[in-house]
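# Inside the fold
Residues per chain are reported as follows:
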Amino acid sequence: MKRTIHYDVPQESAKMLVKDILHRHFGLSVRQVSRLKFRPDGILVNGERVTVRHVLRPGDRLCLCLETEEQGSDHLDPVPGPLDFCYEDDDMLVLHKPAGIVVHPSHGHYNDTLANRLVCHYLAQGQRLVVRPVGRLDKDTSGLLIFAKHAAAAACFDRQRREGILSRTYLALAEGCPAPLRGRIEAPIGRADGSLILRQVRADGETACTDYEVLLPGSEYSLLKLTLHTGRTHQIRVHMAHLGHPLLGDPFYGVEGSFGMGRTALHSARIGCCQPFSKEPLVFRCPLPADMRALAGRLGNTADFEL
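Residues numbered from 1 in each chain as written. Predicted model: local features only at pLDDT ≥ 70, side-chain atom pairs only at ≥ 80, totals over all residues. Heavy atoms only, no water.

## Overview of the overall build of the protein chain
A count of helical and extended segments in the protein chain gives 6 helices and 16 strands. Taken across its 307 residues, the protein chain has 48% of its residues classed as buried. Carbon and sulfur atoms provide 50% of the accessible area of the protein chain, an area that totals close to 15,000 Å². Averaging the positions of the 38 positive and the 35 negative side-chain charges in the protein chain gives two centres separated by 5 Å. (Helix = DSSP H or I, 4+ residues; strand = E, 2+ residues; numbered from the N terminus. Buried < 20%, exposed > 50% of the residue type's maximum accessible area, 1.4 Å probe, protein only. Areas by Shrake-Rupley, 256 points an atom, 1.4 Å probe, with all protein chains shown as cover. Lys, Arg positive; Asp, Glu negative; His and termini not counted. Charge placed at Lys NZ, Arg CZ, Asp CG, Glu CD.)

## As for empty space enclosed by the protein
If you walk through the whole model with that rule in mind, you get 1 cavity of 30 Å³ or more. The calculated volume of the largest cavity comes to roughly 80 Å³. Every residue along the wall of the largest cavity is listed here: Val134, Gly135, Arg136, Leu137, Leu144, Leu145, Ile146, Leu166, Arg168, Tyr170, Ser268 and Ile271. If you list the elements that add at least two residues to the lining of the largest cavity, you get strand 8 (142-148), strand 9 (167-175) and strand 15 (266-274). Counting residues per element, the lining of the largest cavity draws most heavily on strand 8, which supplies 3 residues. Residue composition of the lining of the largest cavity, by class: 8 nonpolar, 2 polar and 2 charged. (1 Å grid on protein atoms, 1.4 Å probe; cavity = no way out; pocket = protein on both sides within 12 Å on 5 of 7 lines; lining within 4 Å. Points joined across faces, edges and corners; volume = space filled by probe spheres on them. Nonpolar A, V, L, I, M, F, W, Y, C, P; charged D, E, K, R; others polar.)

## A look at the nonpolar core
Of all hydrophobic cores here, the largest spans 29 residues; its most connected members are Phe147, Ile236 and Met240. Elements represented by at least two residues in this core include exactly strand 6 (92-97), helix 3 (114-123), strand 8, strand 9, strand 13 (209-216), strand 14 (221-228) and helix 5 (235-242). No other element matches the 5 residues that helix 3 contributes to this core. One finds Phe26, Leu36, Ala152 and Phe277 within the second-largest nonpolar core, a separate group that totals 22 residues. (Core = buried A, V, L, I, M, F, W, Y, C linked by side-chain atoms within 4.5 Å.)

Rendered as structure tokens:
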């Protein structure tokens, strides 16, 4: 399967080299550009094959032909199961992930994951794709998750993440009510001593930054909006526990089953990004699931805030 991308060179890109557009605009890696160079139709300008050192002029049409048919995630068993699509195009898709399902196979979860369902879905359509989640969601976390449909799209998202274009906003229910009602948690996170799973705030950890805002305050628990500036494992859960307000139902950093939550009360509610190649700004939103909405509704009207 081929993916053809057209780019009409604007005035501001005049006199740039093709390789500069490939790296700066499309975010392609050196390896991906190298693959394009050796394809007869990999890099065309106005229908003619050119090298990456070709100088572009305003009005030129740059055409890239990406090879997206890959070996596929053949190590994954195709297992049928429901998938809740929020968005899909030739380069990416966005799913609503329910709580209780693992994204990718891991210890104890070999064929009951979202990845297994995706492989099955695309095989039924005669497609073989490598499952490439952009970021991660824990088993208990519900909400939005992006998947890149080929390596070039994954590279673009990686660049968006580094440059702060890719944004992720979560909703969570936390014990008590943080004070002040809005703030930033900057505390490095590293692996907890003696554990392969648990993380903790520690001086020798990796930089981690989370913004929080209390949307619906309460004496026993509150509804919070959290924005990630880094993507450390368990970052929100560790930072909120460090703040003294662990998430409801969190078996690792709080109290399992607290306030009747059968899972950690964390939901990926909003993702902002750009389409990898058209650069169109995209925003996706996912409302609170029923279990979190039932508790949040006791605090106030959950429709009173914007994400």
